[in-house]
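In case you want the letters, here they are:
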Amino acid sequence: MANQKKERSTARKWTRRAFIGVGGLAGVGLVVGVGGYMHISSAVKKYSGKGMGDGNSMNAWVRIAPDNTVTIAVARAEMGQGVTTALPQLVAEELEVDMNSIKVVSPQPESPYSNTFLVTKNRPNAFKGYDLLEKVYAFLPVIATGGSTSVIDAWTNMRFAGATAREMLKTAAAKQWGTSLVNCKAENGYVINTATNDRLSYGELAEAASSIELDELPTLKKKEDFKIVGKPVKRLDSFEKVTGTAEYGIDIRLDGMLYAAIKHPSTIGAKIKSVSNEDTILNMPGVKKVLVLEDGPAAVVADNTWLASKAAQALQVEEEGGDVSISTEGILAQMNDLLKQKPLKITRNDGNVADAFAQEQANTKTIEARYDLPYLAHATMEPMNATVLVKDGKATLWCGHQAASVAHTMVEAVSGIPKKDITVNTTYLGGGFGRRGEPDFVRYATAVAKEMEGTPVQTIFTREEDMKNDMYRPMAASQFKAKISGDGELIAWDNKMVLQSCSNNAMGRIMPSMATAPADDETTAEGADNMPYVIKNQRVAFNDIQLPIQIGYWRSVGYSQNGFFAESFFDECAHAVGKDPYEFRRSKLGNHPRFAAVLDKVAEISNWKTPLPEGKYRGISLVKSYNSIVGEVVEISKQGEKEFKIDKVYAAIDCGNVVNPDIVDTQVQGGIIFGLTAALYGEITWKDGQVVQSNFPNYEMVRMGVCPEIQVHIMDIDEPPGGVGEPGTPPAAPALANALFAATGERIRTLPLNKQGYKFV
Amino acid sequence: MNLNINGKDYQVDADPAMPLLWVLRDVLNMTGTKYGCGVASCGACTVHIDGVAMRTCTLPASALEGKAITTIEGITKGNELSAVQKAWIEHSAPQCGYCQSGMIMAAEALLKENPDPTDKDINKSITNICRCGSYNRVRQAIKTAAKNLGNTEDQLLGSL
Ligand code: FES
Ligand code: FES
């Protein structure tokens, strides 16, 4: 779930209801004043103990044990992006502790841990403090990880969490020594009395410090004083991940636990009404129960995952409803028709596009092109699963979920057990990419566990069920028309796209109160209506298409398709007037120095201006998403007829201040490979109301042999941080397609490439 | 059936058709070996059978009686990480980490067979899927592990 944007009106409605919902917290609400960061000051202490378990909590994020172990609560899901290292870095920097003394815990989904930046708008001043709306959101436990927001949201908060704890420890030491605070210095887990050189460890001070109330917020360090932030600190989760001891949702093992496998209806929109061979299935040794769940699927509970899956597959079911008419060809025809209709929404309208095209001008060219892209599955390495125990009026969930608060709500809704009696244990996530923000697998796991009361049950989707029942990146079609002058001025740009609305469809499941109307969905045209280029007359518009297909947030969301569309057609414009694609872009970045710097940097590290040897080609692209600007150059070499090798990808990223450059590097690399995988192989197609693909053999991934070398350059910029989990993805496919055009003269206007006869070795 | 896993004998009561992956994960609660596809495509379930890397999601456990099975849990000797695991940490190879048990097992087997693999060798034998895209770090880690393993052997030879 990424980049949730919504209209103020929706937010207000939601707010009022929420206030009623949290009723008892109204008194806490009054504390909001303190510099905007109330959840680090006194209000938050209400949650400290609960959020952090027993022990000496300084606030909801920091607990210090007598043996000096520092426990830091990270309420963001670790799905590979390194939050359980980066967020502790922010705390440790201010707390003055060694990264090696840190233990990370995942707290219960409570309000201090709200991802304020995700639920409010991704707007640039969100770093500067909370406005009223943000203050309100901070009380609503939207504990979610997505939209590349974790560091953006934590950048100030987590440093304050560390700084506040440090000042409490120093104050406790000053009291104990009977000296003034100015004589107390915090250093590497100790408070030192600078007058006497006495030292007290944080562990010794923790108990006294935990009850200290500060009068004001501490001042945060300046960038030039950072010792931990901005450094390539080694990930804290590596040891567990190389020893096989990291616990993912699917690894939960409990006494007496059973395993359930889900069988979804085979046709879209259908429900399983009944099972006709229940007796046969129940006769399989080890099968415990066959269930038809309220919402459509069936489930088999058994002794182990293998048996449960086999049995679920063998279920003979009767389905009702469903739409067998859904097919990829049909959707494409509908989209083509909608492209010609009046748009539902014009999201950008600069100058006068109609006049600009109508005007007769010498030495200009007008070009048109139509693009489309398929549905895509997330295909997280760990298939969807959740483990639930319903017992004695209480429920416990073990699950790797991107939004613990959404999971919490779902367990409550299905089990009927109030939230206060539900414990949510967040494990590592074997990949998220937006898929694990959805509540479906928690819903089914809870429904199964409710039927199996008293027994913990792990409910999983097999890979096939996972792939056929994903919430897909929407299929999209995009139509372009541009007018360019012979000397390279982009006079007019008209772009219209058609796709399903993510923030309507996905949010309708994830947080219905925050779902937008399709017309107000800012993710639909993102990447198309916010290009940095100077184009005097520019119109971007979209039409919504209503389909029963579930679509969702997929790493980089709207940018994943619009980045490809816009940056490919932009390349077409450059070639139409014989301009170099880098120069053409560069000449239109006049008032955007940060974009220009990124583009220049990627051109520099890729030696763009030096011609490549024969048989080698390259393409370039530039996309800003999630507050970070990424430029990429893809270099390919011809191996045979329509056969290429991707030799190297160069990337430059401006993501503002960096917490951990090594993690940024791996995230950008991962994002690029995610984009290339989609470009080379990614396609979910529909036939007779069913998804055709089912597993990796027909939904292939870039693997080691095809994976290019990748060089990432991180710009050194002292600005608020941007996201890094997603921004690497959008420029990858267009840069590759632009390179293929350079090589073959064939313009790639749809993906995947393997379907068009391209082979990559 | 009787299985020898990480040097220990286990008497396992399970359907003979049950793939080793599920015997490990659901019967013996050794969850380091992962399920990714169930069709021998992704490599998440890779373990060593008599030293050879094999995908276990389609491999009936009963066929493995009398063979030496090594899982990711058997690679770590007490608290001592293998050269491969150390190199993995040095290069921060794991992102979400889910594929990494299989990656490490594939790399361990490769290095046993070929102590100084070229890029081509690595491409050929590491065919596991990493959805997070850790391939370049994995490649570097394999090379570092190869170097360190080579060094240890040289040192050993030198001290003789
Ligand atoms: S789970 Fe065995 S190869 Fe994928
Ligand atoms: S590290 Fe996530 S799948 Fe490889």
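Residues numbered from 1 in each chain as written. Chains lettered and ligands numbered in written order. Predicted model: local features only at pLDDT ≥ 70, side-chain atom pairs only at ≥ 80, totals over all residues. Heavy atoms only, no water.

A. Molecular detail of the confidence of the model for chain B. Within chain B, residue pLDDT values average 94, and 94% of them lie at 70 or more. Taken together, the chains of this predicted complex give a pTM of 0.92 and an interface ipTM of 0.96. (pLDDT = per-residue confidence, 0-100.)

B. The arrangement of helix H3 (residues 83-90) of chain B in detail. All names here are of chain B. Those residues of H3 lying buried are Val84, Gln85, Ala87 and Trp88. The arc that holds the buried residues of H3, viewed along the axis, is 160°, so those residues lie on one side. Backbone geometry just downstream of H3 places serine 92 in the positive-phi region, at approximately 45°. (Buried < 20%, exposed > 50% of the residue type's maximum accessible area, 1.4 Å probe, protein only. Helix = DSSP H or I, 4+ residues; strand = E, 2+ residues; numbered from the N terminus. Arc of directions from axis to C-beta.)

C. Focus on the packing of aromatic side chains. In this structure the tally under the stated criterion is 22 aromatic pairs over all chains. Aromatic side chains tyrosine 248 of chain A and tyrosine 428 of chain A sit 6.1 Å apart centroid to centroid with 45° between the ring planes, which places their arrangement in the tilted category. Linking tyrosine 248 of chain A in the loop between helix H9 (238-243) and strand E8 (258-263) with tyrosine 428 of chain A in the loop between strand E17 (422-426) and helix H15 (440-451), this pair joins segments that are 180 residues apart in sequence. Comparing tyrosine 248 of chain A with tyrosine 428 of chain A, the two get one shared label, buried. Relative to phenylalanine 565 of chain A, the ring of phenylalanine 564 of chain A has its centre 6.1 Å away and its plane inclined at 55°; by these criteria the two rings are tilted. Exposure class is identical for phenylalanine 564 of chain A and phenylalanine 565 of chain A. Each is buried. Here the aromatic residues Tyr371, Phe480, Trp493, Tyr533, Phe564, Phe565, Phe569, Phe570 and Phe584 of chain A are joined through ring pairs into a cluster of three or more. The ring of tryptophan 554 of chain A carries arginine 473 of chain A above its face, with NZ or CZ at 5.6 Å from the centroid. For arginine 131 of chain B, the ring lying beneath its charged end belongs to phenylalanine 674 of chain A, and the centroid distance is 3.9 Å. (Phe/Tyr/Trp six-rings, centres within 6.5 Å; stacked < 30°, edge-to-face > 60°. Lys NZ or Arg CZ within 6 Å of the ring centre and 35° of its normal.)

D. The arrangement of the domain arrangement of chain B in detail. Residue and element names in this part refer to chain B. For chain B, the assigned domains read domain 1 (2-74) and domain 2 (83-158). Just the C-alpha atoms count here: the centres of domain 1 and domain 2 sit 21 Å apart. If you look at the interface, domain 1 gives 16 residues, while domain 2 gives 13 residues. Carbon and sulfur atoms supply 57% of the area buried between domain 1 and domain 2, which totals about 1,100 Å² over both sides. It is Lys34, His48 and Ile72 in domain 1 that bury the most area against domain 2; as a group they hold 40% of the surface buried on that side. Run the count over domain 1 and domain 2 and you get 0 salt bridges. The tally of links from domain 1 across to domain 2 stands at 6 residue pairs in polar contact (both at pLDDT 80 or more). Of all the secondary-structure elements, those providing two or more residues to the side of domain 1 that touches domain 2 are strand E3 (46-49) and strand E4 (52-55). Looking at the side of domain 1 that touches domain 2 element by element, the count peaks at 3 residues for E3. Each residue belonging to the side of domain 1 that touches domain 2 can be placed in one class, and the counts come to 6 nonpolar, 8 polar and 2 charged. (Domains from an automatic or database assignment. Contact = heavy atoms within 4.5 Å. Buried area = accessible area lost by both parts, 1.4 Å probe. Salt bridge = Lys/Arg side-chain N within 4 Å of Asp/Glu carboxyl O. Polar contact = N/O pair within 3.5 Å; in protein donor to acceptor, adjacent residues only side chain to side chain. Nonpolar A, V, L, I, M, F, W, Y, C, P; charged D, E, K, R; others polar.)

E. Molecular detail of the layout of surface pockets. All names here are of chain A. Here the largest pocket defines a volume of roughly 1,100 Å³. What lines the largest pocket is a set of 50 residues, among which His264, Pro265, Glu465, Lys468 and Asn469 lie closest to the centre. Among the elements of the structure, E8, strand E9 (270-275), helix H11 (305-314), H15, helix H16 (463-468), helix H17 (502-510) and strand E26 (690-691) are those that each provide at least two residues to the lining of the largest pocket. Residue contributions to the lining of the largest pocket peak at 6 residues, all from H11. (1 Å grid on protein atoms, 1.4 Å probe; cavity = no way out; pocket = protein on both sides within 12 Å on 5 of 7 lines; lining within 4 Å. Points joined across faces, edges and corners; volume = space filled by probe spheres on them.)

F. Seen up close, the interface of chain B and chain A. Contacts between the two partners involve 48 residues from chain B and, on the opposite side, 58 residues from chain A. Together chain B and chain A conceal approximately 4,400 Å² of surface at their shared face, both sides included; 58% is due to carbon and sulfur atoms. Taken together, the connections running from chain B to chain A amount to 5 salt bridges. As a salt-bridge pair, aspartate 251 of chain A and arginine 25 of chain B come within 3.0 Å of each other at their nearest N and O atoms. Elements that contribute at least two residues to the side of chain B that touches chain A include exactly helix H1 (20-27), H3, helix H4 (100-113), helix H5 (119-125) and helix H6 (135-159) of chain B. In terms of residue count, the dominant contributor to the side of chain B that touches chain A is H6 of chain B (5 residues). Among the residues forming the side of chain B that touches chain A, the class breakdown is 23 nonpolar, 17 polar and 8 charged.

G. Representation of the sheet that holds strand E5 (residues 184-187) of chain A in the model. Residues and elements named next belong to chain A. Strand order in this open sheet of 3 strands is E5-E6-E7, and the pairing throughout is antiparallel. Every other strand in the sheet has two partners, leaving E5 and strand E7 (199-201) as the edge strands with one partner each. The average undirected angle you get between the axes of adjacent strands in this sheet is 25°. On the sheet, helix H7 (residues 150-177) packs against E5, strand E6 (190-193) and E7 and is oriented at approximately 45° with respect to E6. Each of E5, E6 and E7 is contacted by helix H8 (residues 202-209), which is oriented at about 75° to E7, the strand it contacts most. (Pairing = 2+ DSSP bridges. Axes fitted to C-alpha atoms, helices over the stretch in contact; angles between N-to-C directions.)

H. How the structure looks around the pairing of strand E23 (residues 628-640) of chain A. All names here are of chain A. Among the 13 residues in E23, 10 count as buried, and that is most of the element. Sheet topology places E23 next to strand E24 (residues 643-654); 11 bridges connect them, and they run antiparallel. Bridge pairing in E24 links serine 637 to lysine 645. Between E23 and E24, which follow one another and run antiparallel, lie 2 residues, and lysine 642 among them has a positive phi close to 55°.

I. Just the state of the cysteines, in detail. Applying the stated criterion to the full structure yields 0 disulfides over all chains. Free cysteine cysteine 655 of chain A: the closest other cysteine sulfur is in cysteine 132 of chain B, separated by 19 Å. With a relative accessible area of 2%, cysteine 655 of chain A lands in the buried category. (Disulfide = S-S within 2.5 Å.)

J. Molecular detail of the nonpolar core. In terms of nonpolar packing, the biggest core is built from 187 residues, with Trp493 and Leu736 of chain A together with Trp88 of chain B touching the most fellow members. The next biggest cluster of nonpolar side chains, apart from the first, holds 78 residues, and it includes Ala75, Ala186, Val424 and Val457 of chain A. (Core = buried A, V, L, I, M, F, W, Y, C linked by side-chain atoms within 4.5 Å.)

K. Region of interest: a negative patch on the surface. There is a patch of like negative charges on the surface, built from Glu224, Asp225, Asp718 and Glu719 of chain A. The residue glutamate 719 of chain A is located in the loop between strand E27 (709-714) and helix H22 (732-744) in this model. (Patch = residues over 30% accessible without salt bridge, like charges linked within 9 Å, V, L, I, M, F, W, Y side chains within 5 Å. Areas by Shrake-Rupley, 256 points an atom, 1.4 Å probe, with all protein chains shown as cover. Lys, Arg positive; Asp, Glu negative; His and termini not counted. Charge placed at Lys NZ, Arg CZ, Asp CG, Glu CD.)

L. Quick look at the domain arrangement of chain A. Residues and elements named next belong to chain A. Looking at chain A, the domain boundaries give domain 1 (2-234), domain 2 (249-321 + 384-460) and domain 3 (342-376 + 471-760). Between domain 1 and domain 2 the total buried area reaches about 990 Å² when both faces are included, carbon and sulfur atoms providing 52% of it. When residues of domain 1 are sorted by the area they lose upon contact with domain 2, Met79, Gln108 and Pro109 head the list and together hold 45% of the total. For the pair domain 1 and domain 2, the interface holds 0 salt bridges. Our count for the contact surface shared by domain 1 and domain 2 stands at 2 residue pairs in polar contact (both at pLDDT 80 or more). Grouping the amino acids of the side of domain 1 that touches domain 2 by side-chain chemistry returns 7 nonpolar, 4 polar and 1 charged.

M. Representation of the environment of alanine 77 of chain A. All names here are of chain A. Considering the arrangement of structural elements, one finds alanine 77 in the loop between strand E3 (70-73) and helix H4 (83-95). Spatially, the C-alpha atom of alanine 77 lies 31 Å from that of valine 602, the residues being 525 residues apart in sequence. Not counting residues within four places of it along the chain, the set of residues in contact with alanine 77 comprises Val83, Thr145, His401, Gln402 and Leu429.

N. Seen up close, the side chain of glutamate 108 of chain B. All names here are of chain B. Counting through the fold element by element, glutamate 108 comes out in helix H4. The charged side chain of glutamate 108 is buried without a salt bridge, its nearest counter-charge being lysine 112 at 5.4 Å. Within the structure, glutamate 108 has its side chain in polar contact with the side chain of serine 82 (distance 2.7 Å).

O. Spatial organisation of empty space enclosed by the protein. Residue and element names in this part refer to chain A. A full pass over the atoms with the stated rule returns 12 cavities of 30 Å³ or more. Its boundaries defined by the atoms lining it, the largest cavity holds a volume of some 510 Å³. Along the walls of the largest cavity sit 38 residues, with Gln81, Ser148, Gln667, Val724 and Gly725 positioned nearest its centre. Elements supplying a minimum of two residues to the lining of the largest cavity: H4, H7 and helix H21 (661-680).

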